[in-house]
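Architecture at a glance
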Amino acid sequence: MLCGLKMNACFKDDKLIRLSTLAEQTGISIHCIRTYIDRGLIQVNDRTAGGMFLFYESVIDRLRFIRMARDVGVPLEQIDRLLSGRDDKDVDATETSLAELTQYIETCRDRLNCFEQSLKQHLGIVL
């Protein structure tokens, strides 16, 4: 069996887990995980005789990273570019993705600061 993981190296001791187990351990819905598979963010490593997806346990860390990024509003396109650059060991692409992500974070901070000021003014809170 070949390693389909992009982010983490495969280890002999990695055991295969089902999609439902992956969902339980990461708190990500099966539907979202299937979307990540379709987009190429994670790879299916094998299938059962019945066709159920199987993954190496090491994909859990990758999914937790994706979830954290999504939870703070990072678009999947940016996550994909960042992970792809890392997976391909493309330093230039990774640096470009990090710069884009840093800009995105700064833009979000500026928006939140503006919203906070607006909220305080709207509620009549003295600054």
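Predicted, not measured: the structure shown is a model, and the values here were computed from it.

We now examine unusual backbone geometry. Positive phi values are uncommon outside glycine, yet K89 reaches one of about 55°. On the secondary structure map, K89 appears in the loop between α4 (76-87) and α5 (91-123). K89 gets classed as exposed once you look at its relative accessible area, which sits at 72%.

The subject of this paragraph is a nonpolar patch on the surface. Taken together, F115, L119, L123 and I125 make up a surface patch of nonpolar side chains, about 400 Å² in accessible area. Among the structural elements, L119 can be located in helix α5.

Here we come to the packing of aromatic side chains. For the structure shown, the criterion picks out 1 aromatic pair. Both rings, one in F53 and one in F55, keep their centres 6.4 Å apart while their planes meet at 80°; by these two values the pair is edge-to-face. Of the two residues, F53 and F55, neither departs from the other in class, the shared state being buried.

This part is about the side chain of T26. Along the chain, T26 turns up in helix α1 (residues 19-26). Judged by relative accessible area, which is 6%, T26 ranks as buried. A distance of 2.8 Å separates the side chain of T26 from the backbone oxygen of L22, its partner in a polar contact. For T26, the residues in contact, after removing those within four places along its chain, are I33, I60, L63, R64 and R67.

So, on to the nonpolar core. Residues I33, I42 and F55 are the most contacted members of the largest nonpolar core, which totals 23 residues. Within the residue set of this core, elements represented by two or more residues are α1, α2 (30-39), β3 (53-56), α3 (59-71) and α4. Sequence-distant contacts of I33, that is, excluding residues within four places in its chain, are made with L19, L22, A23, T26, I28, I42 and L63.

Across all of its chains, the model carries 1 cavity of 30 Å³ or more by this definition. The computed volume of the largest cavity comes to approximately 60 Å³. Lining of the largest cavity is provided by F65, A69, V74, Q78, I79, R81, L82, S97, E100 and L101. Looking at the lining of the largest cavity, the elements that each hand over two or more residues are α3, α4 and α5. When residues in the lining of the largest cavity are grouped by element, the largest group, 4 residues, is from α4. The residue makeup of the lining of the largest cavity, split by class, is 6 nonpolar, 2 polar and 2 charged.

Parameters at a glance
Residues numbered from 1 in each chain as written. Predicted model: local features only at pLDDT ≥ 70, side-chain atom pairs only at ≥ 80, totals over all residues. Heavy atoms only, no water. Helix = DSSP H or I, 4+ residues; strand = E, 2+ residues; numbered from the N terminus. Buried < 20%, exposed > 50% of the residue type's maximum accessible area, 1.4 Å probe, protein only. Patch = residues over 30% accessible without salt bridge, like charges linked within 9 Å, V, L, I, M, F, W, Y side chains within 5 Å. Areas by Shrake-Rupley, 256 points an atom, 1.4 Å probe, with all protein chains shown as cover. Salt bridge = Lys/Arg side-chain N within 4 Å of Asp/Glu carboxyl O. Phe/Tyr/Trp six-rings, centres within 6.5 Å; stacked < 30°, edge-to-face > 60°. Polar contact = N/O pair within 3.5 Å; in protein donor to acceptor, adjacent residues only side chain to side chain. Contact = heavy atoms within 4.5 Å. Core = buried A, V, L, I, M, F, W, Y, C linked by side-chain atoms within 4.5 Å. 1 Å grid on protein atoms, 1.4 Å probe; cavity = no way out; pocket = protein on both sides within 12 Å on 5 of 7 lines; lining within 4 Å. Points joined across faces, edges and corners; volume = space filled by probe spheres on them. Nonpolar A, V, L, I, M, F, W, Y, C, P; charged D, E, K, R; others polar.

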